Amino acid sequence: DGKVIAWYAGRSEAGPRALGHRSILADPRRGEMVERINRRVKARESFRPFAPSALAEEAGGWFENLRRNGSPYMSLTCDVPEHLREKIPAVTHVDGSSRLQTVEKEAEPLYHALISRFFEKTGVPTVLNTSFNTLKGEPIVESPADALRSFLHVRGALDLLVLEEFVVRRRLPGLR
């Protein structure tokens, strides 16, 4: 339904990629998400691309040149077949490629369950995934306090913060 979600779950991640523990997630079917997240959430250039996190067992039907062992660390660039590019425009770069993360149930059960639920509702086995950091010059959030500060910093550009078992929503101030 067009929401942009901040997702904080489990152990932290090391390295340059968000792999489903500290992520900003959105619907890859909505091309407008690229500009919205780049401009309002990340405050960066509008052309910067986003990556898909896809169910490992479904990825072969949505991405070409995928290796047998997948791409669990978002280290592989795959092509999106031409007939599917309009279905996932928010994670398809201008050249038709995507820097893919494949998510296996055994390795990432919670993140896999989230993407599986999205797949059940939409028929698309992938979500847009970018690192959960909204403050210029800061790394991916590490602590719950970092997550709350980052969520509040963007003043409503993120619709929800899922912080482990808690769901945080911004409440609009009442007018008097």
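Notes on the structure follow. (Residues numbered from 1 in each chain as written. Predicted model: local features only at pLDDT ≥ 70, side-chain atom pairs only at ≥ 80, totals over all residues. Heavy atoms only, no water.)

## Some words on the sheet that holds strand E2 (residues 22–26)
Then comes step 1: One open sheet accounts for eight strands, arranged E4-E5-E3-E6-E2-E1-E7-E8; its pairing is mixed. Every other strand in the sheet has two partners, leaving strand E4 (76–79) and strand E8 (166–169) as the edge strands with one partner each. Sheet twist, expressed as the average angle between the axes of neighbouring strands with direction ignored, equals 35°.
Then comes step 2: Note that strand E3 (residues 51–55) and strand E6 (residues 126–131) share four bridges and pair antiparallel. Looking at the pairing, Pro-52 lines up with Leu-128 of E6.
Then comes step 3: Its contacts with the sheet place helix H3 (residues 144–153) against strand E1 (5–8), strand E7 (160–163) and E8, and it is angled at close to 175° to E7. (Pairing = 2+ DSSP bridges. Helix = DSSP H or I, 4+ residues; strand = E, 2+ residues; numbered from the N terminus. Axes fitted to C-alpha atoms, helices over the stretch in contact; angles between N-to-C directions. Contact = heavy atoms within 4.5 Å.)

## Quick word on the packing of aromatic side chains
Then comes step 1: Summed over the entire model, instances satisfying the criterion amount to zero aromatic pairs.
Then comes step 2: The ring of Tyr-8 has Arg-22 lying over it, and the distance from NZ or CZ to the ring centre is 3.6 Å. (Phe/Tyr/Trp six-rings, centres within 6.5 Å; stacked < 30°, edge-to-face > 60°. Lys NZ or Arg CZ within 6 Å of the ring centre and 35° of its normal.)

## Some words on helix H1 (residues 32–41)
An α-helical segment advances 3.6 residues per turn. Residues three or four places apart therefore align on the same side.
Then comes step 1: Restricting attention to buried positions, one finds in H1 the residues Met-33, Val-34, Arg-36, Ile-37, Asn-38 and Val-41.
Then comes step 2: Residues of H1 that are buried in the fold lie against E2 and E6.
Then comes step 3: Just downstream of H1, Ala-43 is the residue with a positive phi angle, here 50°. (Buried < 20%, exposed > 50% of the residue type's maximum accessible area, 1.4 Å probe, protein only.)

## Quick word on the pairing of strand E5 (residues 97–103)
Then comes step 1: Extensive coverage of E5 is indicated by the burial of six of its seven residues.
Then comes step 2: Two elements, E3 and E5, share three bridges in a ladder whose sense is parallel. Bridge pairing in E5 places Ala-54 opposite Thr-102.

## Here we look at the environment of Gly-10
Then comes step 1: Along the polypeptide, Gly-10 turns up in the loop between E1 and E2.
Then comes step 2: Linking Gly-10 and Thr-126, residues 116 residues apart in sequence, is a C-alpha distance of 20 Å.

## Points about the nonpolar core
Then comes step 1: Within the largest apolar cluster, 45 residues are counted, with the highest numbers of intra-cluster contacts made by Ile-37, Phe-63, Leu-128, Phe-132 and Leu-158.
Then comes step 2: What Phe-132 contacts, discounting residues up to four positions off in sequence, is Ala-6, Trp-7, Arg-22, Ser-23, Ile-24, Ile-140, Val-141, Ala-147, Ser-150, Phe-151, Leu-158 and Leu-161. (Core = buried A, V, L, I, M, F, W, Y, C linked by side-chain atoms within 4.5 Å.)

## With respect to the pattern of salt bridges
Then comes step 1: Using the criterion set out here, one finds ten salt bridges in the structure.
Then comes step 2: Two residues, Glu-35 and Arg-39, come together in a salt bridge whose shortest N-O distance is 3.6 Å. Of this pair, Glu-35 and Arg-39 both sit in helix H1, four residues apart, which is roughly one turn of that helix.
Then comes step 3: Glu-35 gets classed as partly exposed once you look at its relative accessible area, which sits at 46%.
Then comes step 4: Taken together, the shared-partner salt bridges connect Asp-27, Arg-29, Arg-30 and Glu-32 into one network. (Salt bridge = Lys/Arg side-chain N within 4 Å of Asp/Glu carboxyl O.)

## Quick word on helix H2 (residues 109–122)
Then comes step 1: For H2, built from 14 residues, the straight-helix expectation of 20 Å at 1.5 Å per residue is met to within 8% by its first-to-last C-alpha distance of 20 Å.
Then comes step 2: Every buried residue belonging to H2 is among Tyr-111, His-112, Ile-115, Ser-116 and Phe-118, and all of these are buried. Projection of H2 onto a plane perpendicular to its axis shows the buried side chains occupying an angular sector of 160°, all on one side. Turned more than 90 degrees away from the buried face of H2, the exposed residues are Pro-109, Leu-110, Glu-120 and Lys-121.
Then comes step 3: Residues of H2 that are buried sit in contact with E1, E2, E3, E5 and E6.
Then comes step 4: Directly beyond the C-terminal end of H2, a positive phi value near 80° is found at Gly-123. (Expected span 1.5 Å × (residues − 1). Arc of directions from axis to C-beta.)

Note that every value here comes from positions in space, so none of it alone points to a role or purpose.
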